[in-house]
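The residues making up each chain are set out below.
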Amino acid sequence: QVHVVESGGGLVQAGGSLRLSCAASGGPFSINAMGWYRQAPGNERELVAVSIWGGGPNYADSVKGRFTISRDVAKKMVFLQMNALNPEDTAVYYCNVDVRRSPDDSRTYIFWGQGTQVTVSS
């Protein structure tokens, strides 16, 4: 079992910034990727950014140039720096963790955090 915990959400004005944090614990496991998704009321859950452990970051077009995903491999953490926030960014942000039980295992397992609310006022 892998435990995933997010933090850092809150209420900010348009143009402001927030930094989200996510920590994965438990295991044993080997991380394939950690990423951020968001879901606004009535909307589908959508990918925001993903950090691939064996590669680089990827971003949704809507956040490119404003959001930056980073990671701390040793601590099994991922962060999302969100700048120039606008009301369209308002959503519950979820941390996603994609793992293998061991590096030799081809099977992948997905775990989610409980979500953290980000609200951007106009």
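The following refers to the structure shown. (Residues numbered from 1 in each chain as written. Predicted model: local features only at pLDDT ≥ 70, side-chain atom pairs only at ≥ 80, totals over all residues. Heavy atoms only, no water.)

### Some points on the overall build of the chain
Counting its regular elements, the chain contains zero helices and 11 strands. From first element to last, N terminus to C terminus, the chain shows the α and β order β-β-β-β-β-β-β-β-β-β-β. Counting across all 122 residues of the chain, residues that qualify as buried make up 41%. A separation threshold of at least 6 residues defines the contact pool for the chain, and within that pool the share at least 24 residues apart is 55%. (Helix = DSSP H or I, 4+ residues; strand = E, 2+ residues; numbered from the N terminus. Buried < 20%, exposed > 50% of the residue type's maximum accessible area, 1.4 Å probe, protein only. Contact = heavy atoms within 4.5 Å.)

### Here's the deal with the pattern of salt bridges
Counted under the stated rule, the structure contains five salt bridges. Of the charged contacts, one joins R38 and E46 as a salt bridge, the two residues approaching to 2.8 Å between their closest N and O atoms. In this structure, D89 engages R66 in a salt bridge whose closest nitrogen and oxygen atoms are separated by 2.8 Å. Remark: R66 occurs in the loop between strand 6 (57–59) and strand 7 (67–72) and D89 occurs in the loop between strand 8 (77–82) and strand 9 (91–100); sequence separation between them is 23 residues. For the pair D89 and R66, a shared accessibility class is recorded, and that class is buried. Three or more residues are tied together by salt bridges with common partners; here these are R38, E46, R66 and D89. (Salt bridge = Lys/Arg side-chain N within 4 Å of Asp/Glu carboxyl O.)

### Looking at the packing of aromatic side chains
For any pair of aromatic rings, the description rests on two quantities: the centre-to-centre distance and the angle between the ring planes. Here the structure, examined in full by the defined rule, presents one aromatic pair. Between Y37 and W112, the aromatic rings sit 5.1 Å apart at their centres with planes inclined by 70°, giving edge-to-face as the arrangement. Placement of the pair is Y37 in strand 4 (residues 30–39) and W112 in strand 10 (residues 109–112), with a sequence separation of 75 residues. A relative accessible area of 23% means that Y37 is categorised as partly exposed. The ring of Y94 has R45 sitting right over it, with the charged end atom 3.7 Å from the ring centre. Positioned above the aromatic ring of W53, the side-chain terminus of R71 is 5.1 Å from the ring centre. (Phe/Tyr/Trp six-rings, centres within 6.5 Å; stacked < 30°, edge-to-face > 60°. Lys NZ or Arg CZ within 6 Å of the ring centre and 35° of its normal.)

### Structural notes on the nonpolar core
Residues M34, W36, L80, M82 and Y93 are the most contacted members of the largest nonpolar core, which totals 31 residues. Looking at this core, the elements with two or more residues in it are strand 1 (2–7), strand 3 (18–26), strand 4, strand 5 (46–52), strand 7, strand 8, strand 9 and strand 11 (116–121). If one sorts the elements of this core by residue count, strand 9 sits on top with five residues. Ignoring sequence-local partners within four residues, the contact set of Y93 consists of E6, L20, W36, Y37, R38, V48, F67, L80, M82, G115, T116 and V118. (Core = buried A, V, L, I, M, F, W, Y, C linked by side-chain atoms within 4.5 Å.)

### Describing the side chain of N96
Tracing the sequence through the fold places N96 in strand 9. For N96, the contacting residues outside a window of four places in its chain are A33, M34, G35, Y37, I110, F111 and W112.

### So, the pairing of strand 7
Sheet topology places strand 7 next to strand 8; six bridges connect them, and they run antiparallel. Directly across from F67, in strand 8, lies its bridge partner M82. The loop that links strand 7 with its antiparallel partner strand 8 comprises four residues; one of these, K76, has a positive phi angle of about 55°. (Pairing = 2+ DSSP bridges.)

### Details of the sheet that holds strand 3
Strands sit in the order 1-3-8-7 across an open sheet of four strands; the sheet is antiparallel. The open sheet has two free edges, formed respectively by strand 1 and strand 7, since each of these has just one partner strand. Direction aside, the axes of adjacent strands within the sheet are offset by 15° on average. (Axes fitted to C-alpha atoms, helices over the stretch in contact; angles between N-to-C directions.)

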